[in-house]
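Single-letter residue listing:
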Amino acid sequence: MNGKKISHKRYKPFASAAYLFLTPALGSILVFFFIPVIAAFAMSFTDFDIYSLGDWTKARFIGIKNYINLFEDPLFWISLKNTFYYVLAATPISIAVSLGAAILLNSKLIKLKGIFRLTYFIPVITTLVAVAIVWRFIYHPRFGILNYLLEIFGINGVDWLGDPNWAMPAIILMAVWKNFGYNMIIFIAGLQNIPEYLYEASVIEGANGWQQFKSITIPMLAPTTFFISIITMIGFFQLFAEPYVMTQGGPLNKTLSIVQYMYHEGFRWWNMGYSASIAFVLFFIIFAGTLIQFKIQKTREL
Amino acid sequence: MCKYLTFILISILFLNLSCNSGSGSDQKVINFWAMGAEGESVRKLLPEFEKEHPDIRINIQMIPWNAAQEKLITAYAGNNTPDACQLGNTWIPQFAALEAIENLDSFITKSKSVSKENFFEGIWETNRIDESIYGIPWYVDTRVLFYRKDILKSAGYSDPPKDWEELYDASKKIKGLYKKGEEKYAIYIPTNEWANFVIFGLQLGSTILKNENSYGDFSGKKFKEAFDYLIRFHKEDLSPIGITQVTNIYQALADSFVAMYISGPWHVPEFKKWMTGDLKDKWSTAPLPGPHDSIGLSLAGGSSTVIFKDSENKEEVWKFIEFLSRPRTQAELYKLVNDLPAVKSAWEDSTLQNDEYLNAFYLQLHHVIPTPKIPEWEQIVFSKLQNYIEIGARGSMTSEEALKTLDREVNQVLEKRRWLLGKN
């Protein structure tokens, strides 16, 4: 305690120097982050649109009308529903797949780990647009390899991206495939941090593989899993490029995500005010989601 | 550190030098933004112009089509517009509303070579906002019927369908050529494209919007009739309903997956490229069938050239526009990128005359009509109309319900416009 006080005093004269060094970073955060965010927040209370771009007196302050319209806008609810569907389905699947892959690759029985790791990681570093175009071919109802494989097993093919019920699962499948490599690497790092003696001790106690997994691996990975689930969730809430390239939000708007809707309103139809209000609603949703996960994590720790 | 500083200083020096050389000599530099294929090829037209006008240098900047509007609007917001640019003619209302582009009336009155009569009338009209002209047509496009001659013939049509009734009848007969349940269709009417629906609505005389374009008129009698006519093709399985089934329209026509398709001139060179061997003589183009035994209206599409208000070289830009509007330059552009000339006399060029697929376009271009000229148009058709086409075609709503809901949403989009109209 005492030591801390002394050190505080001792460093005080340097504080101003520290702030000086921080100024460029703080300044750029202020200019490129806080000011635009505040401006966007203010804009979400106006009907700023293409007419106002030319002559800003043509923008009206309309209070919370954008937000009211938003809650009455069927497309907003559709895009919100789609986004939740995507996040709630893709996050657990993605985490499970990456955990599974990480455990397999961490096993001592596997050879050529480097090659597998690289292969699983390649989708992550490949450009999404290129990947999406390839997957469009995979999903093609008449020439796609997926339907071809299904037919071998006697299952009738589906128009994956054209069928309102299958389009979102198809996008989820692709997104999971595209992203699991990244989380897998983090999981591998987490697995390697679990001390070997825990497993050795459990073997002496006569634990089998499943018990080890349940009582050692999972709890020891909890912080990693927590980090991954938040990052994955936030990332998935911002679903954009996959439907943008593969389905343009269709069929019947079943793959329209909220970010895509925001982009359309803002940069295609130039309803900047309305678009800003969508951005803030999305922000609060992600914020709430993160808070809930923090709460869950806290109670678990207790 | 020192190295960087020197580098920066030298760059600044060069920047100054290059600026000086620009303004120092008598040569005026015009920045011209062109899109897509035109951006690549318009350069080849320049030597002739620059020979005639050694005092003007045209600096072409290429921008991709799908980023074009965004780039132009951001350029405008940042006071950084070029002197002139190519503009899709449905975008003219937006840029006129922004007061970003120049009213060209005074230039046209003075001009010896550019006048209304030289151009296709419907195309010229797309450049008129209220009573003034804001762009000069550069090239045109419109949609016609692409069809498989052999399939129509086996269905008993040696000539392409002339009116709506024949189009429907031919489709029925084509469908009848195949076994029940076979995945073959007569015509492809994409449910994610507004164009066909607007075209057929316009053909029946719908204005699409009403009251100075401040309210939607989709649930109006005329548009509804056209809408019902078209979705019947989907409901009776004459047109595929999914959009992903046809990823490649050449393939679809080559496989006789469909026998008819309504599209624009951009497909002509592509079809020529893909329909080879046996298929070479089996396809053709025809003007659109109208409601009653005559050529039906089609869309007046294409690009215009516009001059930005902030340009300091408007006179020089105008000279360039006059150059682009010469029949010879227009025909030249066709040879470079297959853009159809907006100037009527350019069609006398032998390359255009001898192309059997282009005649349909020439005929059609005398029957084209602009879509409502308001900045909100693209939002209305892309984000609203297209939605309800799919809903209507799939039968998730009755067409009456769908069009009424559509009108309600369109009216909401147009609220601002009504406010502005009321203010003036």
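**Student:** Lay out the pairing of strand 6 (residues 136-141) of chain B in plain terms, naming residues and giving numbers.
**Tutor:** All names here are of chain B. Where burial is concerned, most of strand 6 is hidden: 6 out of the 6 residues are buried. Here 5 bridges tie strand 6 to strand 14 (residues 301-307), and the two strands are oriented antiparallel to one another. Across the sheet, the residue bridging to P137 is S304, located in strand 14. The pairing of strand 6 with strand 15 (residues 340-341) spans 2 bridges and is classified as antiparallel. Across the sheet, Y139 pairs through a bridge with P341, a residue of strand 15.

**Student:** Please provide a residue-by-residue account of the pairing of strand 11 (residues 260-263) of chain B, values included.
**Tutor:** Residues and elements named next belong to chain B. Burial along strand 11 is two-sided: M260 and I262 and Y261 and S263, pointing in opposite directions, are all buried. Of the strand pairs in this sheet, strand 7 (residues 144-148) and strand 11 are connected by 4 bridges, and their pairing is antiparallel. If you follow V144 over to strand 11, its bridge partner there is S263. Note that strand 8 (residues 187-188) and strand 11 share 2 bridges and pair parallel. The partner of I187 across the bridge, within strand 11, is M260.

**Student:** Can you tell me about the interface of chain A and chain B, naming the residues and giving the values?
**Tutor:** Facing the 21 residues of chain A at the interface are 23 residues of chain B. Looking at the side of chain A that touches chain B, the elements that each hand over two or more residues are helix 2 (50-54) and helix 12 (258-268) of chain A. Among the elements that take part in the side of chain A that touches chain B, helix 2 of chain A stands out by supplying 4 residues, more than any other. The class makeup of the residues in the side of chain A that touches chain B is 10 nonpolar, 6 polar and 5 charged.

**Student:** Give me the domain arrangement of chain B: which residues, what numbers.
**Tutor:** As a measure of interface size, the accessible area lost when the parts come together is often cited. All names here are of chain B. Taken domain by domain, chain B comprises domain 1 (10-141 + 301-369) and domain 2 (144-299 + 373-423). Taken residue by residue, the interface counts 17 residues in domain 1 and 21 residues in domain 2. Listed by contribution, the elements that provide at least two residues to the side of domain 1 that touches domain 2 are helix 5 (92-97), helix 17 (359-365) and strand 16 (368-369). A per-element tally of the side of domain 1 that touches domain 2 places helix 17 first, with 4 residues. Here the residues of the side of domain 1 that touches domain 2 are counted per class, giving 10 nonpolar, 6 polar and 1 charged.

**Student:** Can you break down the domain arrangement of chain A residue by residue, with the values?
**Tutor:** All names here are of chain A. Split into domains, chain A comes out as domain 1 (14-58) and domain 2 (65-301). Taken together, the 11 residues of domain 1 in the interface contact 9 residues of domain 2. When contributions to the side of domain 1 that touches domain 2 are tallied by element, the ones reaching two or more residues are helix 1 (2-43) and helix 2. The element best represented in the side of domain 1 that touches domain 2 is helix 1, accounting for 3 residues. Residues of the side of domain 1 that touches domain 2, tallied by class, amount to 7 nonpolar, 2 polar and 2 charged.

Scoring rules and cut-offs
- Residues numbered from 1 in each chain as written.
- Chains lettered and ligands numbered in written order.
- Predicted model: local features only at pLDDT ≥ 70, side-chain atom pairs only at ≥ 80, totals over all residues.
- Buried ≥ 20, exposed ≤ 12 C-beta atoms within 10 Å, placed from the backbone.
- Helix = DSSP H or I, 4+ residues; strand = E, 2+ residues; numbered from the N terminus.
- Pairing = 2+ DSSP bridges.
- Contact = placed C-beta atoms within 7 Å.
- Nonpolar A, V, L, I, M, F, W, Y, C, P; charged D, E, K, R; others polar.
- Domains from an automatic or database assignment.

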